[in-house]
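Listed below are the residues making up each chain.
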Amino acid sequence: MAEKYLLETWREIAYNQEQTQKQYNDFWAAYFAQEKEVYKDILSNHGTVVSGTVEELAEKYNMEVLTMVGFLDGINESLKKENPIDKLTETTEVHLDYDDEKLYKNMVAAKAEWLYELEEWDDILSEDKRKELYKEEKLSGTVVKDKKVGRNDPCPCGSGKKYKHCCGK
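Just so we're clear, the structure is a prediction, and the values are computed from it rather than from any experiment.

Chemist: Before we go on, may I ask you to explain the overall build of the chain in this structure?
Modeler: Scanning the chain from terminus to terminus reveals seven helices and two strands. Against the compact-globule benchmark of 15 Å for 169 residues, the chain has a radius of gyration of 23 Å, which places it well outside the compact range. Principal-axis analysis of the C-alpha atoms places the extent of the chain at approximately 70 × 45 × 35 Å. For the chain, the proportion of its 169 residues judged to be buried stands at 33%. Taking as baseline every contact in the chain between residues at least 6 positions apart, the subset at least 24 positions apart corresponds to 55%. Carbon together with sulfur atoms contributes 47% to the accessible area of the chain, which is approximately 11,200 Å² in total. Between the mean site of the 25 positive side-chain charges and the mean site of the 35 negative ones, the chain shows a separation of 17 Å.

Below, the structure written as structure tokens:
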């Protein structure tokens, strides 16, 4: 039998289809509360790269190993060098060297207000910079449709012909 890595186990628990809506909500509420505490710590120690084994970090932040794996899964795309997330074991050495702007934008993309509104961001990114990153992230998902060219309008290619006799054929 193939070895089962921690991420797979975490996802089976976190996205368990068998649980009731209340169980699901309670699970995620507890997770988000712990996640917030870890982010408060790593943001308030900005510039210090947190590292250790998965087990050591879980112990440091007073959480279960699988909950730490969930945290590592969430922050992985915001790291300067991603951890081997799908191959994690309790003894895997991980580093949380995050990119400030990428982390902030990913929090906005995840609609995690409890994270991107943490006061610890005040010492890392200026309010103007946070507003700019917020706006950038929100606009990145916005589709802008060009105005449709009418059949009898001048062709946008600049030929001077009507669209229907040029590029609209």
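Chemist: Looking at this structure, how should I read the layout of surface pockets?
Modeler: Over the atoms, a rolling probe the size of a water molecule traces out where space has been left empty. Considered as a void within the structure, the largest pocket measures approximately 430 Å³ in volume. Considering the residues around the largest pocket, the lining is formed by 21 residues, among which Tyr31, Glu35, Asp73, Gly74 and Ala110 are closest to the centre. Listing elements by their share of the lining of the largest pocket, those giving two or more residues are helix H2 (21–44), helix H4 (65–75), helix H5 (100–109) and helix H6 (113–116). Of all the elements, H2 adds the most residues to the lining of the largest pocket, at six residues. In this structure, the second largest pocket encloses a volume near 160 Å³. What lines the second largest pocket is Trp10, Ile13, Phe27, Ala30, Tyr31, Gln34, Glu64, Leu66 and Thr67. Elements represented by at least two residues in the lining of the second largest pocket include exactly helix H1 (6–14), H2 and H4. With four residues, H2 is the single largest residue contributor to the lining of the second largest pocket. Partitioning the lining of the second largest pocket into residue classes produces six nonpolar, two polar and one charged.

Chemist: Mind showing me how you'd approach the pattern of salt bridges here?
Modeler: One side chain can pair with another of opposite charge once the charged atoms of both are near each other. What the rule picks out here adds up to eight salt bridges. Among the salt bridges present, the one from Asp97 reaches Lys80, with a minimum N-O distance of 3.6 Å. On the criterion of sequence distance, the pair formed by Asp97 in the loop between strand E2 (93–96) and H5 and Lys80 in the loop between H4 and E2 is long-range, its members being 17 residues apart. Of the charged contacts in the structure, one is a salt bridge between Glu127 and Lys131, with a shortest N-O distance of 3.6 Å. Residue Glu127 and its partner Lys131 are located together in helix H7 (residues 127–140), separated by four residues, close to a single helical turn. Classification of Glu127 as partly exposed rests on a relative accessible area of 49%. What you see here is one network of salt bridges that share partners, running through Glu101, Lys129 and Glu132.

Chemist: Help me understand the packing of H5 against H7, please; the structure alone is not making it clear to me.
Modeler: Relative placement of two packed helices is described by the angle separating their axes and the distance separating the axes. Between H5 and H7, the shortest axis-to-axis distance is 9 Å and the interhelical angle comes to 55°. With respect to their mutual orientation, H5 and H7 come out oblique. The element H5 and its partner H7 pack so that their crossing is right-handed. Here H5 contributes Glu101, Tyr104, Lys105, Val108 and Ala109 to the contact with H7, which in turn contributes Lys129, Arg130, Leu133, Tyr134, Glu136, Glu137 and Lys138. For the contact of H5 with H7, the class distribution of residues is five nonpolar, no polar and seven charged.

Chemist: I tried to follow the packing of H1 against H2 on my own but got confused; where do I start?
Modeler: Look at H1 against H2: their axes get within 11 Å of each other, and the N-to-C directions meet at 130°. As far as their axial angle goes, H2 and H1 are oblique. Contacts between H1 and H2 pair Trp10, Ile13 and Ala14 from the former with Tyr24, Phe27, Trp28 and Tyr31 from the latter.

About the thresholds
- Residues numbered from 1 in each chain as written.
- Predicted model: local features only at pLDDT ≥ 70, side-chain atom pairs only at ≥ 80, totals over all residues.
- Heavy atoms only, no water.
- Helix = DSSP H or I, 4+ residues; strand = E, 2+ residues; numbered from the N terminus.
- Rg over C-alpha atoms; globule rule 2.2 N^0.38 Å.
- Buried < 20%, exposed > 50% of the residue type's maximum accessible area, 1.4 Å probe, protein only.
- Contact = heavy atoms within 4.5 Å.
- Areas by Shrake-Rupley, 256 points an atom, 1.4 Å probe, with all protein chains shown as cover.
- Lys, Arg positive; Asp, Glu negative; His and termini not counted.
- Charge placed at Lys NZ, Arg CZ, Asp CG, Glu CD.
- 1 Å grid on protein atoms, 1.4 Å probe; cavity = no way out; pocket = protein on both sides within 12 Å on 5 of 7 lines; lining within 4 Å.
- Points joined across faces, edges and corners; volume = space filled by probe spheres on them.
- Nonpolar A, V, L, I, M, F, W, Y, C, P; charged D, E, K, R; others polar.
- Salt bridge = Lys/Arg side-chain N within 4 Å of Asp/Glu carboxyl O.
- Axes fitted to C-alpha atoms, helices over the stretch in contact; angles between N-to-C directions.
- Parallel < 35°, antiparallel > 145°, perpendicular 65-115°, else oblique.
- Left-handed = near helix turned anticlockwise from the far one by under 90°.

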